[in-house]
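Coordinate inspection notes
The lines below spell out each chain.
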Amino acid sequence: MGIIGDLVKGMGVTGRQMIATIFGDGMITTEYPKAFREKPERFHGRHVLNRYEDGMEKCIGCELCAGACPARCIYVRGKENPADAPVSPGERFGFVYEINMLRCIFCALCVEACPTEAITMTHLFEMSTTNREDAIYTKTELLINEDGSANHMFPDDRLANLPELLKADGWMRATAPQGRVEYEGIPGWTPSAGVGLRPPEVGQSGDAAARDFTLPDGTTSLEVEPDEEE
Amino acid sequence: MDWWDVLLVVVRVVGVFALLMTVTVLLVWIERKLVADMQNRLGPMRAGPHGVLQTVADGLKLFFKEQITPAKSEFLIYMLAPALSVITAFLMFLVVPFARPFDITLGGQVRSFTFQAMDLNISVLYVLAISSIAVYAVVLAGWSSGSKYPLLGGVRATAQAISYEAAMGLSLVALIMFIAVQNRGGDVMSMASIVDFQAGTYGATEGFLSFLNPIITRVPKWFILPQVIPFIIFATAGVAETNRAPFDLVEAEQELVAGFHTEYSGMRFAMFFLAEYINMFTMSALMVTLFFGGWGGPFLDTIALNVGPWLASVVSFGYFMAKVFVFLFLFIWIRASFPRLRYDQLMDLGWKRLIPGALLWLVASSLALAIRQFGLPWT
Ligand code: SF4
Ligand code: SF4
């Protein structure tokens, strides 16, 4: 009777799931374009280039992101800041900045590499285009506006979920630049989509007390110096 | 035979065609929805309420798609194979009665209007014959595509069909023998009379079991009760004949891309698709007709007497569809639950279990029938 029992067991599983889906809360998919699901906080979506409060671009054209990118899809060309009207607080600024979204694997290594938190990721993933040129995002789309809003290539598209474009992936705000968990919650990084600096998130556990910890070398969290900002 | 008869035949054939098309459209949708439910998904939702019209949309899309013909195909056979598959699928359903016949007077004559395109007195053989021809569609499609995966699929179809055809035929032999002994001189292979034989309930018994009579006399006289083993063999072979999971080695997506219909596109592919669902419906209809009393059910005679024969026909059609949908649901449930058999397991099941099982049952039931008729040899 072994095999019959196994067959019945298998049908039992599918039968139970069917009843749970029809009558209970078994359904796990949503009717996507009509209903959007809450994304995980660290969802890696489209990139944006951020600005400081005074409207200066954060990007200094250092090309570290391009160097870190495993898909080789970032193209940056830096340029000396014009002395009378600097674009970024540094010596240089990102004069050309392009990301080929057809090649991007959304790994966020560019976000980690960036020394100024200029590039961060958002929650928007609806980026389908009808030709390849449109898949290359330039500064026009990537750079955030002075009021903190972000540009979308097709803002009138039914799928353009603009609020998603302003949600940063929480990952960088909760960890130290090196990804060291001991630095969790310490204001080393504040990247976030939008304008200006944001306070870091509290511990990844969501627990404010998680910040009071002792490092292996005996220092407590309050003594740890945040990483120097540029 | 006058032109009324011709008209009736045309009406029946068109009716069967319409029934099969409607059922297919609904069945594809029902299957997708049920499988989605079993996998915690929504399934089609966009075309029509809850996606009912999805099949129609898909059909229209396929209709307008380009028909790509592989360069190395044998064009004539490549073209004919899908037609063969869909024609045999339609032909097979012709002998299945799906509602209670009623009498109408047309042209001054009383005629019996049967809900069955034709009633052959060899219906059972006919079904077996047509289902064998249907295999040719798969084999020829696989061979004529001039491509390797379809060829492998076609070869598998041959082996699978041979193994399961035999089991299916043998299981029906036992059933027909049983019917023939019970109804001497009756038209034992005609589907219409097979349904008639199953009307009513079991008679009261004498002897020590007579205390069960209140129950026995309420049990419908379906052939499933005395013939469980043939039913199980027939159902298993039926799933295998329709090439559905878990016996879909012919079109195993993971191994053979899509087997015999890899190289088909547009309407030619749609024909295979249509044929698969019609076959699934026909197989369920055959199980219902042969083992579960066809369109029979309670109160039919009462309704025919008191309200009118037409209502009895409608109600009996409802009974038929309800029974068939139970089996269709089983088909779908099985598909959603079980992984595909390995090739050796398929052969093992066919040759080492189903065929010996059918043979054993055949011998045993012939002995039992002979003893019942002639008594024990030493008495
Ligand atoms: S997310 Fe990864 S692949 Fe995409 S641009 Fe950044 S580094 Fe390159
Ligand atoms: S985005 Fe960051 S890493 Fe890339 S060039 Fe600008 S400052 Fe450098």
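What you see is a predicted model, and the numbers here were worked out from it, not measured in a lab.

**Details of the overall build of chain B**
Along chain B, the regular secondary structure elements total 13 helices and 2 strands. Whereas a compact globule of 379 residues would reach a radius of gyration of roughly 21 Å, chain B reaches 22 Å, a difference of no more than 12%. Referenced to the eigenvectors of the C-alpha coordinate spread, the extents of chain B come out at roughly 70 × 55 × 45 Å. Of all 379 residues assigned to chain B, the portion counted as buried reaches 49%. Summarising the internal contacts of chain B: among those between residues at least 6 apart in sequence, 75% fall at separations of at least 24.

**Here we look at the nonpolar core**
Generally speaking, soluble globular proteins have nonpolar side chains that are buried together. Counting residues in each nonpolar core, the largest one holds 87 residues, and the members touching the most others are F93, F234, L290 and F320 of chain B. It is helix α10 (residues 266-291) of chain B that contributes the most residues to this core, 13 residues altogether. In this structure, F93 of chain B is in contact with V16, L19, L20, F98, F281, T282 and A285 of chain B, ignoring residues within four places of it in sequence. Formed by 30 residues, the second largest nonpolar core is a distinct cluster that contains L49, M101, L124 and Y137 of chain A.

**Points about a nonpolar patch on the surface**
Residues and elements named next belong to chain B. Side chains of W3, V6, L7, V10, V11 and V14 sit close together on the surface and give an oily, nonpolar patch of about 550 Å² of accessible area. Positionally, V10 belongs in helix α1 (residues 3-38). Here V10 falls in the partly exposed class, since its relative accessible area comes to 44%.

**Focus: the confidence of the model for chain A**
For chain A, the mean per-residue pLDDT works out to 75, and 73% of the residues sit at or above 70. Note on residues 187-191 of chain A: pLDDT under 50 across the span, and 23 contacts to partners over four residues away in sequence or across chains.

**A short note on the packing of aromatic side chains**
Residues and elements named next belong to chain B. Tallied over the entire structure, the rule returns 23 aromatic pairs over all chains. Look at F231 and F291: their rings are 5.3 Å apart centre to centre, the planes differ by 70°, and that puts the pair in the edge-to-face class. Of the two residues, F231 is situated in helix α8 (residues 228-241) and F291 in helix α10; the sequence distance between them amounts to 60 residues. The two residues F231 and F291 agree in class, both being buried. Measuring from ring centre to ring centre gives 5.8 Å for F269 and F273, while their planes differ by 35°; the resulting arrangement is tilted.

**Remarks on the pattern of salt bridges**
All names here are of chain B. With the rule as written, the count across this model stands at 9 salt bridges over all chains. Residues D348 and K352 are paired through a salt bridge, measuring 3.1 Å at the closest nitrogen-oxygen approach. A residue pair is termed a helical-turn pair when its members lie 3 or 4 positions apart in one helix, as D348 and K352 do in helix α13 (residues 343-374) at 4 residues. Overall, K352 belongs to the exposed group, its relative accessible area being 59%. Through salt bridges that share partners, E31, R244, E276 and R335 make up one connected network.

**Comments concerning the sheet that holds strand β2 (residues 74-80) of chain A**
Each strand in a sheet pairs with another by means of backbone hydrogen bonds, the pair being arranged parallel or else antiparallel. All names here are of chain A. With respect to topology, 3 strands assemble into an open sheet ordered β2-β3-β5, the strand pairing being antiparallel. Of all the strands in the sheet, the pair left with one neighbour each is β2 and β5 (136-137). Two elements, β2 and strand β3 (residues 92-100), share 7 bridges in a ladder whose sense is antiparallel. The partner of K79 across the bridge, within β3, is F93.

**Quick notes on α1 of chain B**
A rise of 1.5 Å per residue sets the reference length of α1 of chain B, with its 36 residues, at 52 Å; its end C-alpha atoms lie 51 Å apart and thus fit the reference within 8%. Just downstream of α1 of chain B, N40 of chain B is the residue with a positive phi angle, here 60°.

**What about the side chain of T55 of chain B?**
Positionally, T55 of chain B belongs in helix α2 (residues 54-63). Among all residues touching T55 of chain B, those that are not within four sequence positions of it are V25, V28 and W29 of chain B.

**Concerning the environment of P40 of chain A**
Residues and elements named next belong to chain A. Here P40 shows up in the loop between α1 (2-23) and β1 (47-49). Judged by its relative accessible area of 55%, P40 is exposed. P40 sits 66 residues away from F106 along the chain, and the two C-alpha atoms are 15 Å apart.

**Re unusual backbone geometry**
A positive phi angle is found at R72 of chain A, which is not glycine, with a value near 55°. Here R72 of chain A shows up in the loop between α2 (64-68) and β2. Even without glycine at this site, N243 of chain B takes up a positive phi of about 55°. By secondary structure assignment, the location of N243 of chain B is in the loop between α8 and α9 (253-256).

**Notes on the interface of chain A and chain B**
Across the contact, 18 residues belong to chain A and 15 residues belong to chain B. At the boundary of chain A with chain B, total buried surface from both sides reaches about 1400 Å², with 67% on carbon and sulfur atoms. On the chain A side of the contact with chain B, M11, T14 and M18 of chain A bury the most area, a combined 37% of that side's loss. Seen at the junction of chain A and chain B, the total is 0 salt bridges. Our count for the contact surface shared by chain A and chain B stands at 9 residue pairs in polar contact (both at pLDDT 80 or more).

**Examining the pairing of β3 of chain A**
Note that β3 of chain A and β5 of chain A share 2 bridges and pair antiparallel. Among the inter-strand pairings, I99 of chain A is bridged to a residue of β5 of chain A, identified as Y137 of chain A.

**Details of the packing of helix α5 (residues 148-182) of chain B against α13 of chain B**
Residues and elements named next belong to chain B. α13 packs onto α5 with a crossing angle of 15° between their chain directions and a minimal axis gap of 9 Å. The angle between α5 and α13 falls in the class roughly parallel. With respect to the hand of their crossing, α5 and α13 are arranged in left-handed fashion. Residue composition of the contact of α5 with α13, grouped by class: 23 nonpolar, 7 polar and 2 charged.

**Things to note about the side chain of T21 of chain A**
Relative to the helices and strands, T21 of chain A is located in helix α1. Within the structure, T21 of chain A has its side chain in polar contact with the backbone oxygen of D37 of chain B (distance 2.7 Å). For T21 of chain A, the residues in contact, after removing those within four places along its chain, are G26 and M27 of chain A together with D37, N40 and R41 of chain B.

What counts, and at which threshold
- Residues numbered from 1 in each chain as written.
- Chains lettered and ligands numbered in written order.
- Predicted model: local features only at pLDDT ≥ 70, side-chain atom pairs only at ≥ 80, totals over all residues.
- Heavy atoms only, no water.
- Helix = DSSP H or I, 4+ residues; strand = E, 2+ residues; numbered from the N terminus.
- Rg over C-alpha atoms; globule rule 2.2 N^0.38 Å.
- Buried < 20%, exposed > 50% of the residue type's maximum accessible area, 1.4 Å probe, protein only.
- Contact = heavy atoms within 4.5 Å.
- Core = buried A, V, L, I, M, F, W, Y, C linked by side-chain atoms within 4.5 Å.
- Patch = residues over 30% accessible without salt bridge, like charges linked within 9 Å, V, L, I, M, F, W, Y side chains within 5 Å.
- Areas by Shrake-Rupley, 256 points an atom, 1.4 Å probe, with all protein chains shown as cover.
- Salt bridge = Lys/Arg side-chain N within 4 Å of Asp/Glu carboxyl O.
- pLDDT = per-residue confidence, 0-100.
- Phe/Tyr/Trp six-rings, centres within 6.5 Å; stacked < 30°, edge-to-face > 60°.
- Pairing = 2+ DSSP bridges.
- Expected span 1.5 Å × (residues − 1).
- Buried area = accessible area lost by both parts, 1.4 Å probe.
- Polar contact = N/O pair within 3.5 Å; in protein donor to acceptor, adjacent residues only side chain to side chain.
- Axes fitted to C-alpha atoms, helices over the stretch in contact; angles between N-to-C directions.
- Parallel < 35°, antiparallel > 145°, perpendicular 65-115°, else oblique.
- Left-handed = near helix turned anticlockwise from the far one by under 90°.
- Nonpolar A, V, L, I, M, F, W, Y, C, P; charged D, E, K, R; others polar.

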